[in-house]
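Structure assessment
Residue-level listing of the chains:
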Amino acid sequence: MNKIIQKQQFSEKVFKFEIEAPLIAKSRKAGNFVIIRVDKNSERMPLTIADADTHRGTITLVVQEVGLSSRKLCRLSEGDYVEDVVGPLGSPTHIQNFGTVVCAGGGVGTAPLLPIIKALKKAGNRILSVIAGRNKDLIILEDEVREYSDEVIVMTDDGSYGEKGVVTIGIEKFINQEHIDKVVAIGPPIMMKFCCLLTGKYNIPTDVSLNTIMVDGTGMCGACRLTIGGKTKFVCIDGPEFDGALVDWDEMFKRMGTFKAAEREEMEHFEEHLCRPATHGCNCADKAQTNGDGAPAVFPAETLEQLKDREAEWRKELRKSMKPKERMAIERVEMPELSPEYRIAHRKEEVNQGITLEMAQREAHRCLDCAKPSCTEGCPVSIDIPSFIKNIERGNIQGAARVLKNTSSLPAVCGRVCPQEKQCESRCIHLKMNEPAVAIGYLERFAADYAQRCGEQNDGRPESNGMKVAVVGSGPSGLSFAGDMAKRGYEVHVFEALHEIGGVLKYGIPEFRLPNHIVDVEIENLRKLGVEFTTDCIIGKTITIEQLKEEGFKGFFVGSGAGLPNFMNIPGENAINIMSSNEYLTRVNLMDAADPKTDTPMNFGKKVLVIGGGNTAMDSCRTAKRLGADVTIVYRRSEAEMPARLEEVRHAKEEGINFLNLHNPIEYIADKNGAVCKAVLQVMELGEPDASGRRSPKPIEGKTLTVETDQVIVAVGVSPNPLVPKSIEGLELGRKDTIAVDDCMQSSRKEIFAGGDIVRGGATVILAMGDGRRAAENMDKALKGSK
């Protein structure tokens, strides 16, 4: 948490805060901003850094009370704490000696303008400043602006101070006075637009700083996207500063009003937002499902080798106890599920209810304990599947969990979200005999959950080997890597850009499929191994790899994910209420926007289209259904080609999701307020198979369908976020800014390994975990070989 060191009131609703944030103070540059979260229920709010003091370790923010979050912040006092501050974000201002520069600030826009004025002056420019406000009370930082400016004009709308008039009058005065090489204008969007219209008449290049709607501030959600020069740009990554002549101002005005109604309603219940206790997180003991299981059977202490030994006496006896034909005759267990009618009305209740001890042991009897288990070969993290299943069969569930934990850092997660039907279960010998595969995923989940309920057994914290390694990102690949390195005795530090640990496991997967408390327990187990976690820290922005090396870190694993949402670049795609699945799921899952007492705004569609056919599309459509919408999946291929898990498709159909296959959006139509109201869909047919083996979709010429909609969620994949890779000098990048690695997951910089979506461009949880394991194994060899 970040302490408020100083608070100063400029006017009735404008305040200056000096906040402790030493790493940000050290690394920020002119033009950078931060994302803050006032308390645990608050939304993530962007604010530009007005100043920084590296000696005091503080940054300065100037805030105008306009909405719920800013009002909550402005109520804080010196000595209070802000829950989260993350940054610096955005591309810094391009500073050079342009010649004579007019710097125009409107209202609180003068605050972010001030560091730019200082930097431009230091670079040798002649600075002519215009600061403006509706009245004298809204003229801020005048003395500081004068200190770094050659001339200053002050304008007020009502003439109560300085000259009467708007900011453009002051700018034009300077233009008429002398030759101007450049203008920088920061303030309300309407002010910046008119500044650009004025300077456009004189052909003077003009930069503006855009403060748009954001959630994460790192490019993950796409909420900040705008049309700049005819192309869609992400303000938080590509900006926030742009050539004002290229900005589609009308689009910006409309998008800035996306959540006006929701925010207005929140303000009407402001006091409720203040007094509500935090609701994020939960007590694992309260949530654990018992499924009627009694106390665990007691087994004598055994080593991991004894638990895995296929020739151990207990294991031989199990094989002799039943003939293979008897095992084959046992029917596969069916997972108990909540009814569709109940689950669509309960957003956070897990659909799959887990199996009982009796069911698990019956299913474990189906395993033939193959001498050469092909199921293990199908597992990306190489779990010894027969060994953990045979321990379940004999009733040693804690032993089964130990076998799982030996190779998987997140067994309770994998048991829920991994596509076992395409991996381990697809190799089961039962399939060769036209029988259902052993339910390996159900058994993995059972063993992990059972061990959590009964108290995890672990071998304690390993002895330290004296070496420190850093992990960038706390998603599946990073957590897997961290667990394996901690077991080897390394001091492991995980750095996460968001305010919660878990990455996509928290922001991307709904609780009805993967409850947060399950992820939290797995993270706590890593803490017990000695793994340390730091949130609100962006490697390459808050602190660099080179700085970490100076602090003694010997190895680095980058698992920052593929957090850049893909859009289709079709007409109307930037209309209000068209959002990426990343933004939609982050607002609902991570920020709990569906709870009326949390601050993050959300528009709830009544007729929702979800574009895509993968697991993320299923998560999005099933979430929208739980929020009361009539939901339709639009997918350009047939159902047979859908990449989503069969179980997810089945659940979606049971819950009443409409499937519109062989259709693809080609245009969105907006109403007079800029909100989407219709989608034009191209009717498709299947052609020949593409490189993935799926039949390629082809448009049927001249055949379209127009459907009504008030919300569209785009789930057509993600790309690697360039923020981290591009911050590392000398790092070789692959296709679409992925990190290029060899078979050992080692990059072109030998101390840096990488895995997961930042390498693959998009993958499953278990594939990302496999990358983390392989990277840990090979980094360990490299570091020990270098000693």
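Just so you know, the residues in each chain are numbered from 1, in the order the chain's sequence is written. Local features in a predicted model are, by the rule used here, given only for residues with pLDDT of at least 70; side-chain atom pairs are given and counted only at 80 or more, and totals for whole chains, interfaces and linings are based on all residues. To obtain the side-chain values, all non-hydrogen atoms of the structure were included, while hydrogens and water were left out.

This next bit is on the packing of helix H28 (residues 615-626) against helix H29 (residues 646-654). Where H28 contacts H29, the two axes come as close as 10 Å, and the packing angle between them is 20°. Comparing the axis directions of H28 and H29 gives the class roughly parallel. The way H28 lies across H29 gives a crossing that is left-handed. Between H28 and H29, the contacting residues are Asn615, Met618, Asp619, Cys621 and Arg622 on the first element and Glu648, Val649, His651 and Ala652 on the second. Looking at the contact of H28 with H29 residue by residue, the classes come out as four nonpolar, two polar and three charged. Note on geometry: axes are lines fitted to C-alpha atoms, helical ones only across the stretch in contact, with angles between N-to-C directions running from 0 to 180 degrees. In this text, helices come from DSSP runs of H or I with a minimum length of four residues, and strands from runs of E with a minimum of two, each type numbered from the N-terminal end. Roughly parallel refers to an angle under 35 degrees, roughly antiparallel to one over 145, roughly perpendicular to one between 65 and 115, and oblique to any angle outside these ranges. Here a crossing is taken to be left-handed if its near helix is turned anticlockwise relative to the far helix by less than a right angle, and right-handed if that turn runs clockwise. We call two residues in contact when some of their heavy atoms are within 4.5 Å. Gly falls in the polar group here, along with every residue not listed as nonpolar (Ala, Val, Leu, Ile, Met, Phe, Trp, Tyr, Cys, Pro) or charged (Asp, Glu, Lys, Arg).

Spatially, S11-S10-S9-S8-S12-S13-S16 is the arrangement adopted by the seven strands of the open sheet, whose pairing is mixed. Lying at the two open borders of the sheet, with one neighbouring strand each, are strand S11 (163-164) and strand S16 (241-243). As paired elements, strand S12 (residues 182-186) and strand S13 (residues 206-209) share three bridges and run parallel to each other. Across the sheet, Val184 pairs through a bridge with Asp207, a residue of S13. Contacting strand S8 (100-106), strand S9 (126-133), S12 and S16, helix H3 (residues 110-122) crosses the sheet at an angle of about 165° to S8. Along the sheet, helix H6 (residues 189-201) makes contact with S8, S12 and S13, crossing S12 at roughly 165°. Paired strands, as defined in this entry, are two strands with at least two bridges between them according to DSSP.

Along strand S18 (residues 491-495), four of the five residues are buried, which leaves the element largely enclosed by surrounding structure. When strand S17 (residues 468-472) meets S18, the two strands line up parallel, connected through five bridges. What sits directly across from Val472, in S18, is Phe495. Taken together, S17, helix H23 (residues 476-487) and S18 form a β-α-β motif whose crossover is right-handed. Examined bridge by bridge, S18 and strand S19 (residues 532-534) share three bridges and lie parallel to one another. Each residue of the ladder has a partner; that of His493, found in S19, is Glu532. Burial classification: accessible surface area is computed with a 1.4 Å probe over protein chains only, and a residue below 20% of its type maximum counts as buried, one above 50% as exposed, and the rest as partly exposed. By convention a crossover is right-handed if, when the strands point away from the viewer, the path from the first strand over the helix to the second runs clockwise.

Here strand S14 (residues 225-228) pairs with strand S15 (residues 231-234) via four bridges, running antiparallel. Residue Leu226 lies in a different strand from S15, and its bridge partner there is Lys233. If you look at the hairpin formed by S14 and S15, you'll find two residues sitting between the two strands, and Gly229 has a positive phi there, around 60°.

The strand order across the open sheet formed by five strands is S19-S18-S17-S20-S31, and the pairing between neighbours is parallel. On the outer flanks of this sheet lie S19 and strand S31 (752-754), each paired with one strand and no other. Ignoring strand direction, the axes of neighbouring strands in this sheet form an average angle of 20°. Seen against the sheet, helix H31 (residues 765-786) touches S17, strand S20 (553-558) and S31 and runs at an angle of roughly 160° to S20.

Here we take up the confidence of the model for the protein chain. Of the residues in the protein chain, 95% reach a pLDDT of 70 or more, and the chain-wide mean stands at 91. Scored from 0 to 100, pLDDT records how confident the predictor is in each individual residue. A low-confidence stretch, residues 275-292 stays under pLDDT 50, and its non-local contacts, those more than four residues away or across chains, total 34 contacts.

Working definition: a ring pair exists when centres of Phe, Tyr or Trp rings (six-membered ring for Trp) sit within 6.5 Å. Plane angles under 30 degrees give stacked, over 60 give edge-to-face, the rest tilted. Inspection of the entire model under this criterion finds seven aromatic pairs. Measuring from centroid to centroid gives 6.5 Å for Phe15 and Phe17, while their planes differ by 40°, and the two rings are tilted. Relative accessible area serves as the criterion here: at 7%, Phe15 is assigned to the buried category. On the basis of relative accessibility, which here comes to 1%, the residue Phe17 falls in the buried class. Aromatic ring contacts, followed pair by pair, group Phe495, Phe553 and Phe556 into a single cluster. We call a charge positioned over a ring when the NZ of a Lys or the CZ of an Arg lies within 6 Å of the ring centre and within 35 degrees of the ring normal. The side chain of Lys182 reaches across the aromatic face of Phe98, ending 4.8 Å from its centre. Between Lys468 and the ring centre of Phe553, over which it is positioned, the NZ or CZ distance is 4.4 Å.

With that out of the way, let us pick up H28. One fewer than the residue count of a helix, multiplied by 1.5 Å, yields its expected span. Over its twelve residues, H28 extends 17 Å from the first C-alpha to the last, a length consistent with the 16 Å expected when each residue adds 1.5 Å. Burial runs high along H28: ten of the twelve residues are buried. Every buried residue of H28 is accounted for by Ala617, Met618, Asp619, Ser620, Cys621, Arg622, Thr623, Ala624, Lys625 and Arg626.

For this analysis, a salt bridge means a side-chain nitrogen from Lys or Arg found within 4 Å of a carboxyl oxygen belonging to Asp or Glu. Applying the stated criterion across every chain yields a total of 63 salt bridges. Across the pair Arg327 and Glu393 runs a salt bridge, and its minimum N-O distance is 3.2 Å. With Arg327 in helix H14 (residues 324-328) and Glu393 in helix H18 (residues 385-393), this pair connects stretches of sequence that are 66 residues apart. Looking at Arg327, the relative accessible area reads 4%, which means it is buried. Note that Glu337 and Arg343 form a salt bridge whose closest N and O atoms lie 3.9 Å from each other. Here Glu337 falls in the partly exposed class, since its relative accessible area comes to 27%.

You can see Phe194 is positioned in helix H6. The sequence separation of Phe194 and Thr168 amounts to 26 residues, and the corresponding C-alpha distance is 7.2 Å.

Our focus in this paragraph is helix H25 (residues 516-528). Here H25 spans 19 Å end to end across 13 residues, near enough to the 18 Å set by a 1.5 Å rise per residue. When H25 is considered as a whole, its buried residues turn out to be Asn516, His517, Ile518, Val519, Val521, Glu522, Ile523, Asn525 and Leu526. Two residues or fewer past H25, Gly530 is found with a positive phi of approximately 105°.

This part is about the nonpolar core. Throughout, nonpolar core names a set of buried Ala, Val, Leu, Ile, Met, Phe, Trp, Tyr and Cys residues whose side chains join them through atoms within 4.5 Å. Leu210, Phe388, Ile392 and Val492 are the most contacted members of the largest nonpolar core, which totals 145 residues. Excluding residues that lie within four positions of it along the chain, Phe388 makes contacts with Ile383, Ala400, Val403, Leu404, Ile440, Leu443 and Glu444.

Between helix H16 (residues 357-364) and H18, the least distance of the axes is 8 Å, while the angle of their chain directions is 125°. Taken together, the axes of H16 and H18 are oblique relative to one another. At the point where H16 passes H18, the crossing takes the left-handed sense. Every residue of H18 that contacts H16 at Ala360, Gln361 and Ala364 is listed here: Ile389, Lys390, Ile392 and Glu393. Residues belonging to the contact of H16 with H18 are distributed by class as follows: four nonpolar, one polar and two charged.

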